[in-house]
Amino acid sequence: MTDSSFILAQQRVVARRQSRETQEAARVAAQRSASAAGAQLRRLPFPLSRLAYGWEAVSSRQGTRPAFRVSQVDAELLDEELVDLLKAQVGDAFKYFADGHLSDDWSSEIVLALRAVIFKLTIWDHNATYGAALQNLKYTDARRDGPVLAAPSKVQKSLYGLVTVFGKYAWTRWEDWLLDQVDGQHHLGQPSPRVRLLSRLTSRLSTLHSTAAFVSFLVFLLQGRYRTLLDRILRMRLAPPTSQVSREVSFEYLNRQLVWHALTEFLLFVLPLIGINRWRRWLSRTWRKTKEMINTNTAPDGDGSGAGGEYGFLPERTCAICYQDQNDAAATEMEVMAAAAASSGVVGSAQTDVTNPYETIPCGCVYCFVCLATRLEREEGEGWTCLRCGQHVKECKPWNGDVLETTAARRTSSVKMVAFSDDVAGGLLEDETADEARASSAAAAH
């Protein structure tokens, strides 16, 4: 180091020392003026002389120093929100017990258990609640002054837990008991003098506690040391564990929410463009063909007279689509027949009969119009596999049916009837066959 550099360094050191001395002199002058103003306030009459303490708290360095007031209040709000969330989760877990009234009947006990568990896992073990830990704060013993913050004693933590956990529960149960007594005695007239006296004492205690808590909070806004009245009584305060703490607000959670929101908006915009329905149909068709190949390879050899579709064994009057929707659990013909045997032994029912029949092109299998049109529309022109014969179907048309010309119709007019082949016996309707049999019997008798 050269002589000129050494001289410049000495000059900088002297300038810093002079700046510190100037700041200290200004601080001492401010304290003297504040003390003089405080002395003048103390000379005022009794009610106004108390303003001196407030002036000293505001004007002193201890009173105006930032002490993470917002972080302490946020920590308390986060703790209460955590209890509410856990209570809601427990209520959802027990909503199917005791006709859903379990969480309402034992609400106070549930909150007591939750607060006890949270107190054990947070303040008793780590000297900080979850909300305080998120704000990088810990409970310290304010009775010990020094550069190193001391953890609160077990006596302080025990009293804190006794008041915040069991004290709140006892007070809630006490108010509920008084309310029950007042409501129960209102039916008999006025409440008893003892109940009225207890109600007045409870109301006054609540008012006194609320007033004291409000004053304590105002002092907290001035000094930033004790957040609640209980903290002030026990001399426990929230403070950062180290002096090197960033006072910037963390936006990590907000950024995560924004990223997730942007991702969902992007997916909602892209999914209609990539044709998710087309990919779903392709996967379902591939899976169906694979399953058909497996069933074909594993099926025993037969005469080959059966239909090639999954539901080719159903009667003609039964809509295979309706039957499939109502019997999704049955995967094979044996399972379907077993289910039919278990339910009166009839395959199909009035709910599965074909309504407004339409036939497929080119195989000509008959289905309900609504069922067939819905399946074809869902495929968007790519075709659908027939459940009866297994052919690829893209179009449909109204079903003409088995057109039969009866004997009477041939004699009189060209009236035609439409019926299923199941209802036909030897090319004639079963009713017409029965009529002809009765006519033959009558002729033989004559």
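Residues numbered from 1 in each chain as written. Predicted model: local features only at pLDDT ≥ 70, side-chain atom pairs only at ≥ 80, totals over all residues. Heavy atoms only, no water.

Draft legend 1. Geometry of the sheet that holds strand β3 (residues 357–361). With antiparallel pairing, the three strands of this open sheet are ordered in space as β4-β3-β7. Here the strands that pair on one side only, and so sit at the sheet edges, are β4 (366–368) and β7 (395–398). Looking at each pair of strands side by side, their axes are set apart by 45° on average, direction ignored. In this sheet, β4 lies alongside β3 in antiparallel orientation, the contact comprising three bridges. Its bridge partner lying in β4, E359 is registered against V366. Strands β3, β4 and β7 of the sheet are contacted by helix α16 (residues 369–379), whose axis makes an angle of about 90° with β4. (Pairing = 2+ DSSP bridges. Helix = DSSP H or I, 4+ residues; strand = E, 2+ residues; numbered from the N terminus. Axes fitted to C-alpha atoms, helices over the stretch in contact; angles between N-to-C directions. Contact = heavy atoms within 4.5 Å.)

Draft legend 2. Expanded view of α16. All of the buried residues along α16 are C371, L372, R375, L376 and E379. Each buried residue of α16 lies within a common arc of 120° when the element is viewed along its axis, so the set occupies one face. Set apart from the buried face of α16 by more than 90 degrees, the exposed residues are V370 and E377. E380 sits one or two positions beyond α16 and adopts a positive phi of about 55°. (Buried < 20%, exposed > 50% of the residue type's maximum accessible area, 1.4 Å probe, protein only. Arc of directions from axis to C-beta.)

Draft legend 3. Spatial organisation of the pattern of salt bridges. All told, the structure shown has four salt bridges when counted by the stated rule. The shortest N-O distance in the salt bridge between E80 and R115 comes to 3.7 Å. Taken as a pair, E80 in helix α5 (residues 69–93) and R115 in helix α7 (residues 107–126) lie far apart in primary sequence, 35 residues in all. By relative accessible area, which is 33% here, E80 ends up partly exposed. On the basis of relative accessible area, R115 is assigned to the buried category, the value being 19%. Across the salt bridge formed by D141 and R143, the nearest N and O atoms sit 3.0 Å from each other. (Salt bridge = Lys/Arg side-chain N within 4 Å of Asp/Glu carboxyl O.)

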